[in-house]
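Summary of structural features
Below, each chain spelled out in residue letters.
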Amino acid sequence: FQLAAPILGLAACWWRVGTEPRRSRGLWSLFASGLSLWTVGILLSAWEDLFQHFPFEIASLADFTFFFYGVPILFAVSTPQEGERFALFTLLDGIQAIFAGYLTYVTIFATLPFSTQPAAPISISLLVLTYHLENAVLLAGCVLRLLASPKGGDERRFYGTLCTFLVTYGLGVGVYNQMAMV
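Note that the structure is a prediction, hence the values are computed from the model and not measured.

Considering the overall build of the chain
A tally of regular secondary structure across the chain gives seven helices and zero strands. When the helices and strands of the chain are read in sequence order from the N terminus, they spell out α-α-α-α-α-α-α. The globule rule puts the C-alpha radius of gyration for 182 residues at 16 Å, and the 17 Å found for the chain is close to it. Of all 182 residues assigned to the chain, the portion counted as buried reaches 37%. Considering only intrachain contacts with a sequence separation of at least 6, the fraction spanning at least 24 residues in the chain is 68%. Carbon and sulfur atoms make up 73% of the accessible area of the chain, which totals about 10,500 Å². Computed over 9 positive and 11 negative side-chain charges, the inter-centroid distance for the chain is 15 Å.

Some points on the nonpolar core
In this structure, Phe31, Trp38, Tyr69, Phe158, Leu162 and Phe165 are the most contacted members of the largest nonpolar core, which totals 41 residues. Of all the secondary-structure elements, those providing two or more residues to this core are α1 (4-19), α2 (22-50), α3 (61-68), α4 (70-78), α5 (87-109), α6 (124-148) and α7 (154-181). When near neighbours in sequence (up to four residues on either side) are disregarded, Leu162 contacts Phe31, Ile73, Val77 and Cys142.

A word on the packing of aromatic side chains
Applying the stated criterion across every chain, the model contains eleven aromatic pairs. Between the aromatic rings of Trp38 and Phe165, the centroid separation amounts to 5.7 Å while the plane-to-plane angle is 65°, which identifies the pairing as edge-to-face. Separated by 127 residues along the polypeptide, Trp38 in helix α2 and Phe165 in helix α7 bring together distant segments of the chain. Note on Trp38: relative accessible area 14%, which makes it buried. In this structure Phe165 comes out as buried when scored by relative accessible area, which is 15%.

As for the packing of α3 against α5
Contact geometry of α3 with α5 gives a least axis separation of 10 Å together with a crossing angle of 140°. In this view, α3 runs oblique relative to α5, as classed from their interaxial angle. Judged by the twist between their axes, the crossing of α3 over α5 is right-handed. Here α3 contributes Leu61, Asp63, Phe64, Phe67 and Phe68 to the contact with α5, which in turn contributes Ala97, Ala100, Gly101, Thr104, Tyr105, Ile108 and Phe109. Its residues placed into classes, the contact of α3 with α5 shows nine nonpolar, two polar and one charged.

A few points about the side chain of Arg16
Among the secondary structure elements, Arg16 is positioned in helix α1. Judged by relative accessible area, which is 16%, Arg16 ranks as buried. Of note is the side chain of Arg16, whose polar atom sits 2.8 Å from the side chain of Glu20. Residue contacts for Arg16: discarding those within four places in its chain leaves Trp28 and Arg157.

Points about the packing of α4 against α6
Packed helix pairs are characterised by how far apart their axes lie and by the angle those axes make with each other. Running from amino to carboxyl end, α4 crosses α6 at an angle of 20°, the nearest separation of the two axes being 9 Å. If you check the angle between α4 and α6, you find them roughly parallel. Here α4 and α6 pass one another in a crossing that is left-handed. Touching Gly70, Ile73, Leu74, Val77 and Ser78 of α4 are Glu134, Leu138, Gly141, Cys142 and Arg145, all from α6. Per-class residue counts for the contact of α4 with α6 are five nonpolar, three polar and two charged.

The rules behind each value
- Residues numbered from 1 in each chain as written.
- Predicted model: local features only at pLDDT ≥ 70, side-chain atom pairs only at ≥ 80, totals over all residues.
- Heavy atoms only, no water.
- Helix = DSSP H or I, 4+ residues; strand = E, 2+ residues; numbered from the N terminus.
- Rg over C-alpha atoms; globule rule 2.2 N^0.38 Å.
- Buried < 20%, exposed > 50% of the residue type's maximum accessible area, 1.4 Å probe, protein only.
- Contact = heavy atoms within 4.5 Å.
- Areas by Shrake-Rupley, 256 points an atom, 1.4 Å probe, with all protein chains shown as cover.
- Lys, Arg positive; Asp, Glu negative; His and termini not counted.
- Charge placed at Lys NZ, Arg CZ, Asp CG, Glu CD.
- Core = buried A, V, L, I, M, F, W, Y, C linked by side-chain atoms within 4.5 Å.
- Phe/Tyr/Trp six-rings, centres within 6.5 Å; stacked < 30°, edge-to-face > 60°.
- Axes fitted to C-alpha atoms, helices over the stretch in contact; angles between N-to-C directions.
- Parallel < 35°, antiparallel > 145°, perpendicular 65-115°, else oblique.
- Left-handed = near helix turned anticlockwise from the far one by under 90°.
- Nonpolar A, V, L, I, M, F, W, Y, C, P; charged D, E, K, R; others polar.
- Polar contact = N/O pair within 3.5 Å; in protein donor to acceptor, adjacent residues only side chain to side chain.

So far we have only geometry, and geometry alone does not tell us how the molecule works.
Here it is, written out as structure tokens:
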């Protein structure tokens, strides 16, 4: 189920990319990018658990991808309406995403990426709290965009779907993480 759910969601997003108007295609592509990172996180988590016997209590590379899935979703939530976009701002958003990924990695593992220093990951309880906060912030931003979107529009349908996903995901992963910590 943990692998089938993001793959089915990813397939649905790519289907929407092909059927939606131009403006909405970008939003669905960003959502699909986030689900791709989530799928990679599931695969990494399974590999770490089954083949590396990595303990759950320690943050791993899978945790980084689970956290970083929110960056494309944050882009989707913060993307301006049609006609208000500038290529320079999109480039700056991309640079900020790379920087956010770098800072996230340093925060989770207390070492620089690709460094020879041993990682000193944060505790799992702090990581789970971070996941909860990330999901709450993404949901709050999505709800605001949903309320600000014109009724009956393609964007409103996208933000409604994204809100439904974020609530479902947040509750599901919240329960799973709390049970796994026990």
